[in-house]
Amino acid sequence: RPLVGGQTRRLRNGAGGFDLSLEVREAEWQGREAYVVGDENRQFWVDKEELLFVRLLMKNPNSGAEREITFGGYERLGGGWIAQHLGERRCRQS
């Protein structure tokens, strides 16, 4: 069930290396509102209206290297949705 009116919800049972004990926060991604789950080193973003996975951010806390993967251009496939556009950006810190 989506969050309503600035509410936050705690997620349990961490999965995929994400800290799901943190509160879900809201942010903007490409002009659209999104839910952000995770911490400064590892987080995923979900479009608030469509509830589709749109962004994955990962940072190596030791080296500072960052990786961003974006998902877009969703189309229906069977009973679900599939991203037609994937993007990746890597940034190495000196």
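Residues numbered from 1 in each chain as written. Predicted model: local features only at pLDDT ≥ 70, side-chain atom pairs only at ≥ 80, totals over all residues. Heavy atoms only, no water.

### Things to note about the overall build of the protein chain
Here is step 1: When you go through the protein chain residue by residue, the secondary structure sums to zero helices and eight strands.
Here is step 2: N-terminal to C-terminal, the α/β element order of the protein chain is β-β-β-β-β-β-β-β.
Here is step 3: Excluding contacts between residues fewer than 6 apart, the proportion of contacts in the protein chain whose partners are at least 24 apart in sequence is 15%.
Here is step 4: Total accessible area on the protein chain stands at roughly 6,700 Å², and carbon and sulfur atoms take up 47% of it. (Helix = DSSP H or I, 4+ residues; strand = E, 2+ residues; numbered from the N terminus. Contact = heavy atoms within 4.5 Å. Areas by Shrake-Rupley, 256 points an atom, 1.4 Å probe, with all protein chains shown as cover.)

### A short note on the nonpolar core
Here is step 1: With eight residues, the main nonpolar core is built from Val24, Tyr35, Val37, Phe44, Val46, Leu56, Met58 and Ile69.
Here is step 2: At the level of secondary structure, the elements contributing two or more residues to this core comprise β2 (32–38), β3 (42–47) and β4 (53–59).
Here is step 3: Here Val46 is in contact with Ala34, Tyr35, Leu51, Leu52, Phe53 and Val54, once residues within four sequence places are set aside.
Here is step 4: The next biggest cluster of nonpolar side chains, apart from the first, holds six residues, and it includes Ala34, Val36, Val54 and Leu57. (Core = buried A, V, L, I, M, F, W, Y, C linked by side-chain atoms within 4.5 Å. Buried < 20%, exposed > 50% of the residue type's maximum accessible area, 1.4 Å probe, protein only.)

### A few points about the pairing of β4
Here is the key point about a regular strand: its side chains alternate between the two faces of the sheet.
Here is step 1: Counting buried positions along β4 yields five of seven residues, so the element is predominantly enclosed.
Here is step 2: Bridge analysis of β3 against β4 gives five bridges, and the strand direction is antiparallel. Across the sheet, Arg42 pairs through a bridge with Met58, a residue of β4.
Here is step 3: Hairpin connection between β3 and β4: a loop of five residues separates the two successive antiparallel strands, and Leu51 in this loop has a positive phi of roughly 55°. (Pairing = 2+ DSSP bridges.)

### Some details on the sheet that holds strand β8 (residues 85–91)
One key point about sheets: their strands pair by backbone hydrogen bonds, in either a parallel or an antiparallel sense.
Here is step 1: Pairing in this open sheet of six strands is antiparallel, and the strands run β1-β2-β3-β4-β5-β8 from one edge to the other. The strands lining the two open edges of the sheet, one partner per strand, are β1 (25–29) and β8. Each adjacent strand pair in this sheet contributes to an overall mean axis angle of 20°, direction not counted.
Here is step 2: Here strand β5 (residues 66–72) runs beside β8; their pairing, made up of seven bridges, is antiparallel. Bridge pairing in β8 places Phe71 opposite Leu86. (Axes fitted to C-alpha atoms, helices over the stretch in contact; angles between N-to-C directions.)

### Some remarks on the layout of surface pockets
Here is step 1: A volume near 190 Å³ is recorded for the largest pocket.
Here is step 2: As for the largest pocket, its lining consists of 14 residues, and the residues nearest its centre are Trp29, Gln30, Val54, Phe71 and Gly72.
Here is step 3: Here the lining of the largest pocket is built from residues that sort into six nonpolar, five polar and three charged. (1 Å grid on protein atoms, 1.4 Å probe; cavity = no way out; pocket = protein on both sides within 12 Å on 5 of 7 lines; lining within 4 Å. Points joined across faces, edges and corners; volume = space filled by probe spheres on them. Nonpolar A, V, L, I, M, F, W, Y, C, P; charged D, E, K, R; others polar.)

### Details of the pairing of β2
Here is step 1: With five of seven residues buried, β2 is to be regarded as a mostly interior element.
Here is step 2: Pairing geometry for β1 and β2, over five bridges, is antiparallel. By the bridge assignment, Trp29 is partnered in β2 with Arg32.
Here is step 3: Between the end of β1 and the start of β2, which pair antiparallel, lie two residues, with Gln30 showing a positive phi angle near 50°.
Here is step 4: In this sheet, β3 lies alongside β2 in antiparallel orientation, the contact comprising five bridges. The partner of Ala34 across the bridge, within β3, is Asp47.
Here is step 5: Between β2 and β3, which pair antiparallel in sequence order, lie three residues.

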